[in-house]
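Fold and contact review
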Amino acid sequence: MSKILPLLTGMLLLCTICTIAQTREISGRVTGQDDGSSLPGVNVVVKSTNEGTVTDSNGNFRLAVSGTNITLVFSFIGYEGQEIAVENKSVIDVAMKADITQLGEVVVVGYGTQLKQDVTGNVASVSGTAINNIPVNSFEQALQGRAAGVLVTAQNGKLGQGINVQVRGSSSISAGNQPLYVIDGMIVNSNNLSGTTSSTNPMSDINFNDIQSIEILKDASAAAIYGARASNGVVLVTTKRGQSGKTNITVGMQYGSSKPTNNRDFLNSEQYIELYREAAVNRDLASGFDPVNNPGDYPGSFLEDIEGTFDYLAGDTDWRALENNTNWEKEAFQKAGLFNFDISASGGNEKTKFYFNGGYTDQDGILIGNSFERFTGRLNLDHKVNNRLSFGTNINIARTTNNRVADDRQFSSPLQLVAQSPLTPVRDKSGILFDDDFNPAMFYYPATMELENSRFVTSVNRNIVALNAKYALTKDLSVIAEYGIDLLTQNEDRFQNSKTEVGRAVNGYGRSAWAQVFNQTSRVYLNYFKQVNLHSFDLTGGMDYQTTTIDRTRAEAQNYPLDGLTTLSSAADPILTTGSFTKEIFLSYYARANYKFNNRYLLSLSGRYDGSSKFGTDNQFGFFPAVSAGWIISEESFFNATNTLSFLKLRSSYGITGNADIGNYIAQGVFAPEAYDGSSGLSTDRIPNPDLRWEKTLQFDLGLDLAFFNDKLSVQLDYYNKQTNDLLLNREITGVTGFQQLYGNVGSLENTGIEAAVNYAIVRNEDISWKVGFNYARNRNKVLQLDGDNDIIDPSSTRFMNVVKVGQPIGVFYGAEYAGVDPANGNALWFVNEGVEGETTSIYAEAKKVVLGTPTPTTVYGFNMDLVYKGFDLSILFQGVAGNKIFNAAGAFMSANARFEDNQTIDQLRRWQNPGDITDVPQARLFRNNGAQISSRALTDGDYLRLKTITLGYSLPASLLSKISLTSARLYVTGQNLLTFTKYEGWDPEVNTDYTSDTSYFLGNDFYSAPQAKNLIVGIKVGF
């Protein structure tokens, strides 16, 4: 034992000495290659380990390493990463190259990626960092103002509401104008499943803090690889993935509040009494009575009636004392809070990489009763089995709960509270809510009563799962197999008790609408890449098989024993049970060839052969080809690169894309169930059309890419022309068939436009980084032809003026042109149907219908600026539109010079009162329509410029972070929609009412539609 102990002690000392000898310290400094400035905050990690550090404020680092064959990985946002072998070095200085113009950036295209400088089509790219942490429900809203030629419009300010996205204008009248959404290569469901005209948005199920980048394929060359569904553009969403190295954990929290972007002014009690007394007198005078001098000489005086109504509205209190002066607009809005929590972890090694994220959102809407809650989870895994085989998976789960409010068209919608008289209190003296039955002091059933006695909840469970495997057959040839599912289950639960407008007549009403969409995609494709001397080949070809089933069930019941029993099973009388099941199939074959010669001549050919169950038996398959070419002129020997112009590329493309966004079985003959004399049977519901086929859009694009000042300033210019033929429309057919209409391919339209995108890295050094960007797009939409000799589709709406007319944009406003007020008698005037130009009439039926403007902006633009000074950062985004009109359909009630008892906007006080008055508001005449008819009187410019987002942040210095064991820490304040510059007098110029679910051409209408929210949040994001 005495001999063994000294031996063990000696061996232990020897091991310790060896260990000390193998552990050494590496130091160095990291600078920018362009100007030699120090780079603080650079990540320095030992490759394939969790060991690492960050550079200090002077760019210096120190790191203890052990072992052999050590490689250090240097990474920093905005710079190209580097890997350096340590070998025997103890000092390693690194000069990192700035990635300013990102011409060498890899962008995602359909079924692959390309270098940005080699792209021959038009692809707009938005980084995930630009939209992360923006306080909106869905990522499409965060795209506003960030991509040229992409118009994003929220229908209104209700949470979880539908979003309209147009890429280079509207390409269809009735087959949909929304782009195709592809997440990590999988086409996902983006269709509205709402059981009401107020659409919901499936994209709000996606946590956009998971997004790495968004690419928008705009021209045919970029989009044709998606064939039959690409006419409206394609939005490719790529989520974040893990990187080899230490595990990085990031935690973020946001807290904030919201309020309306704008408030309107309505009459107070004193003004209301004044206007309506006057309106009643004017009505009496128009009836041949003299209510002022002889009020008792005749029965039925409107003046007497309105004063009795004042008693009614005031709830039997003395309205003459002005005891009540309710601001009903204020009652429609609520104090809205916002809370977001997000945690992510990423990392891995050479074999396996992972990215995990969990998110929670709890947000109140600005309207009473409106709120939105979302739980999300994501796991992205990538595993490399060997040098040939790798596979991965993307798993996303989400649960959203949307407490909704009534559609715009219903009196129970919150903003229709503004129709109530200011004389009416919200509650009586005992604290009971007023409504038009239980406490008869209101003209209309109020949203306040609805809110306390009903439930309207839409809940969604969504699972998106994608699996992929890649096998390298040879060094240059790989086969990729993918399978994915998108399972969306939505339930709308609505209950209105016996105190509600709907429920009181039936002793309570309940409804449940359940829908499930199961989308599955199988895909196999080959990719071949080969570089031979000056020639580069990138070939892709494969097939997709996609099926989508939609299962719907709806049940309604009434007659509840108690208001506290709210489930359908509690009702005594089931009144409706209905259901449907539909299925659609797409089978597709596609190929693309990209060729590059001598780094300057580019050619791309693509084609997709699509088959769909949606179309007629004679036209189920269609072919969608595209060709594009590019010439990098700056690579030519004759091009003398200067400090001014450093890059120049000319590109052009032409191709065909399709639109298949129609319902299932439209091309087929359909029978519907019928009940007759107690027996079940079938009746013909639709006749078949075997010739029904896709809409086809032929698009030409000519573009120029330039870079100046050593690539610090980049400019992209484009001209395009899109011609859409074989429009899918319901066309009139002969009555001998027993039917009046048949869905067919008739008509055509076009979009022409220009786009410009400019980005300039003004300065970047050790202390400051300053970048600005601007994008601009102008589009002209025109209907070229409809069915046969018909030149107009006029739905004869009782609320709106939108029509489809040959020679005009889709949804153009078409109606009577308001000519002002007759100074002699206060009559509203319109331009006449007959006679010389400028002749007017006070008879509305004689007014001439004319084109009054377009609801869709002709110009869309955005400006952004990013400034970093030491630890501070400032980001600003302005967004705007121009060239469109907005029709205030609610103006027939709220701005109608006292036509009805509805409270009026303050501008109605400038009404005509005496002969010779010059004004645009006709004389007030109670219950007479003097100028409130549908006309251009309620039509105003919709142009606006908005401070969309502004963020001010501060990141803690690396020297402090190292002391508290953090890799990053940032505090920030974000404001959204803080300023809006517009001439529109309504609540908000970004609007389109949900009064109707048909948004193909019912556009640009405001009908008591909620404004956008003005958000202010504070947030913190910490990494360790």
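Every value quoted in this text rests on a predicted model; they were computed, and no experiment measured them. (Residues numbered from 1 in each chain as written. Predicted model: local features only at pLDDT ≥ 70, side-chain atom pairs only at ≥ 80, totals over all residues. Heavy atoms only, no water.)

Right, let's get into unusual backbone geometry. Unusually for a residue other than glycine, Tyr-665 sits at a positive phi of about 70°. In this model, Asn-710 sits at a positive phi of 60°, which is unusual for a non-glycine residue. Looking at the element boundaries, Asn-710 is found in the loop between strand S32 (695-708) and strand S33 (713-725). (Helix = DSSP H or I, 4+ residues; strand = E, 2+ residues; numbered from the N terminus.)

Along the chain, Asn-594 falls in strand S26 (residues 573-597). In this structure the side chain of Asn-594 is engaged in a polar contact, spanning 2.7 Å, whose partner is the side chain of Ser-604. (Polar contact = N/O pair within 3.5 Å; in protein donor to acceptor, adjacent residues only side chain to side chain.)

This next bit is on the environment of Pro-673. Checked against the element boundaries, Pro-673 lands in strand S30 (residues 670-676). For Pro-673 and Leu-784, which are 111 residues apart along the polypeptide, the C-alpha to C-alpha distance reads 40 Å.

We now examine the nonpolar core. By size, the foremost hydrophobic cluster in this structure holds 45 residues, and its most contacted members are Ile-173, Leu-415, Phe-887, Met-894, Trp-987 and Tyr-1008. Counting residues per element, the ones that place at least two in this core are helix H7 (328-332), helix H8 (447-452), strand S44 (849-853) and helix H9 (891-894). Top element by residues in this core is H9. It accounts for three residues. Those residues within four positions of Met-894 in sequence are excluded, and the remaining contacts are Arg-264, Phe-266, Val-418, Asn-888, Asn-903, Gln-904, Thr-905, Gln-908, Trp-987 and Tyr-1008. In this structure, Phe-139, Ala-147, Ala-154 and Tyr-181 belong to the second largest nonpolar core, which totals 28 residues. (Core = buried A, V, L, I, M, F, W, Y, C linked by side-chain atoms within 4.5 Å. Buried < 20%, exposed > 50% of the residue type's maximum accessible area, 1.4 Å probe, protein only. Contact = heavy atoms within 4.5 Å.)

Across the sheet, which stays open at both edges, the three strands sit in the order S48-S47-S51 with mixed pairing between neighbours. Since the sheet does not close on itself, it has two edges, and those belong to strand S48 (939-941) and strand S51 (1005-1006), each with one partner. By the bridge criterion, two bridges tie strand S47 (residues 885-888) to S51 in an arrangement that is parallel. Paired with Phe-887 across the bridge in S51 is Asn-1005. (Pairing = 2+ DSSP bridges.)

Turning our eyes to something else, we now look at the pairing of strand S27 (residues 601-612). Relative to S27, S26 is paired through 12 bridges, and the arrangement is antiparallel. The residue bridging Tyr-590 from the neighbouring strand is Arg-608, located in S27. Note that S27 and strand S28 (residues 621-632) share 11 bridges and pair antiparallel. Note on S28: the bridge partner recorded for Leu-605 is Val-627.

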